[in-house]
Amino acid sequence: MTQLGLPDGIQACLFDLDGVVTKTAVVHAAAWKETFDAFLRDYEGAQGRPFDAAADYDEYVDGRPRADGVRAFLDSRGIHLPEGTPGDPPDARTVHGLGNRKNDLLLARIRTGGVEAYEGTLRYLEAVRAEGLRTAIVSSSANCRDVLRSVGAEHFFDVRIDGVVAAERNLPGKPHPDTFLAAARDLGVEASRAAVYEDALAGMDAGRAGGFGYVVGVDRVGQTDALYAHGASIVVKDLAELGGKP
């Protein structure tokens, strides 16, 4: 293993954003809960079971593109809505309408509460760059660039594959491996020579399906066993545990 906690031969590191680089997972979960709870009250009435910001978030929406998360959660409740279009207003009772409502709430929370980065991840990124490894950020978020800029971390990454790029290239999101594979291709590295860093179960699935050389699970919420079950090579609570600068 190298000083970065990686197998010999790894040439590139592919990082998820929310929950790995930035502390935005809790903000996403809160925005999803506000969105779905309001919808469920309107759709099912007072007897509707609220969205669980821990269990439902981890199982159905974490790491997935926005519309995929809406579909997955509604399917779990036996609810089926029209797809609508990406330009639907946030009050439209469609898959895209709910997704746009969630995004509006997320942006409002980011503007009022700000975003923080994980210091251990920033130190690890500095060490990765110092060792000459290539880097990419791989996120389903369409707000990825703005979030990176808000924490001064955009310069750490050679390549960005986010929700905007995925839509432009028609790449399916996690748990499919396509966005990670695209990042590796853009870096000029084979998947077997790249490491994936993820906190979401869908991201673990993507890392395993893509045949990546190493898959690092980052456990922020006490799901170590699940991360291993979904394909993690190793699980840490913070990337500083892998090495790099103290």
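Preceding block: the structure.
Residues numbered from 1 in each chain as written. Predicted model: local features only at pLDDT ≥ 70, side-chain atom pairs only at ≥ 80, totals over all residues. Heavy atoms only, no water.

It is not clear to me how the environment of Val196 should be interpreted in this structure. Could you clarify?
Turning to its location among the elements, Val196 is positioned in strand S4 (residues 194-198). The exposure class of Val196 is buried, given its relative accessible area of 0%. Separated by 155 residues in the primary sequence, Val196 and Arg41 have C-alpha atoms spaced 39 Å apart. Setting aside residues up to four positions removed in sequence, Val196 forms contacts with Leu14, Phe180, Phe212, Tyr214, Val215 and Val216. (Helix = DSSP H or I, 4+ residues; strand = E, 2+ residues; numbered from the N terminus. Buried < 20%, exposed > 50% of the residue type's maximum accessible area, 1.4 Å probe, protein only. Contact = heavy atoms within 4.5 Å.)

Explain the environment of His80 to me, please; I cannot follow it from the model alone.
As for its position among the elements, His80 is in the loop between helix H3 (66-76) and helix H4 (95-113). A distance of 3.2 Å separates a polar atom in the side chain of His80 from a polar atom in the side chain of Asp75. (Polar contact = N/O pair within 3.5 Å; in protein donor to acceptor, adjacent residues only side chain to side chain.)

Would you mind showing me how to read the packing of helix H1 (residues 25-44) against H3 here?
To describe two helices that pack against each other, one gives the angle between their axes and the distance between the axes. For the pair H1 and H3, the least separation of the axes is 12 Å and the interaxial angle reads 45 degrees. With respect to H3, the element H1 is oriented oblique. Between H1 and H3 lies a crossing whose hand is right-handed. Residues Trp32, Phe36, Phe39 and Leu40 of H1 touch H3, and the partners they reach there are Arg66, Gly69, Val70, Phe73 and Leu74. (Axes fitted to C-alpha atoms, helices over the stretch in contact; angles between N-to-C directions. Parallel < 35°, antiparallel > 145°, perpendicular 65-115°, else oblique. Left-handed = near helix turned anticlockwise from the far one by under 90°.)

What am I meant to see in the pattern of salt bridges here?
Two side chains carrying opposite charge are able to pair once their charged atoms lie near each other. Here the structure, examined in full by the defined rule, presents 17 salt bridges. Glu116 serves as the salt-bridge partner of Lys23, at 3.7 Å between the closest nitrogen and oxygen. Residue Lys23 is located in the loop between strand S1 (12-15) and H1, and its partner Glu116 is located in the loop between H4 and helix H5 (119-130); the two are separated by 93 residues in the primary sequence. Owing to a relative accessible area of 35%, Lys23 belongs among the partly exposed residues under this scheme. For the salt bridge of Asp186 with Arg169, the shortest nitrogen-to-oxygen distance reads 2.9 Å. With a gap of 17 residues between them, Asp186 in helix H8 (residues 178-187) and Arg169 in helix H7 (residues 163-169) connect regions that are remote in the sequence. A residue is classified by how much of its surface remains accessible, and Asp186, at 37% relative accessible area, is partly exposed. (Salt bridge = Lys/Arg side-chain N within 4 Å of Asp/Glu carboxyl O.)

Help me understand the side chain of Asp56, please; the structure alone is not making it clear to me.
Structurally, the position occupied by Asp56 is in helix H2 (residues 55-61). Residue classification places Asp56 among the buried positions, given a relative accessible area of 9%. There is a polar contact of 2.8 Å between the side chain of Asp56 and the backbone nitrogen of Asp52. The residues contacting Asp56, other than those within four sequence positions of it, are Pro50, Phe51, Val61, Phe73 and Arg77.

Where do I start with the sheet that holds strand S5 (residues 214-218) in this structure?
Within a beta sheet, neighbouring strands are joined by backbone hydrogen bonds and run either parallel or antiparallel to one another. Read across the sheet, 6 strands follow the order S3-S2-S1-S4-S5-S6 without closing on themselves; strand pairing throughout is parallel. In the strand order of this sheet, the two ends are held by strand S3 (159-161) and strand S6 (234-236), each with one partner. Averaged over neighbouring strand pairs, the angle between their axes works out to 20 degrees when direction is ignored. Strand direction decides the pairing type here: strand S2 (residues 134-138) and S3, joined by 3 bridges, are parallel. Bridging across to S3, Val138 finds its partner in Ile161. Along the sheet, H5 makes contact with S1, S2 and S4, crossing S1 at roughly 155 degrees. (Pairing = 2+ DSSP bridges.)

Everything listed is a geometric property; what it means functionally is a separate question.
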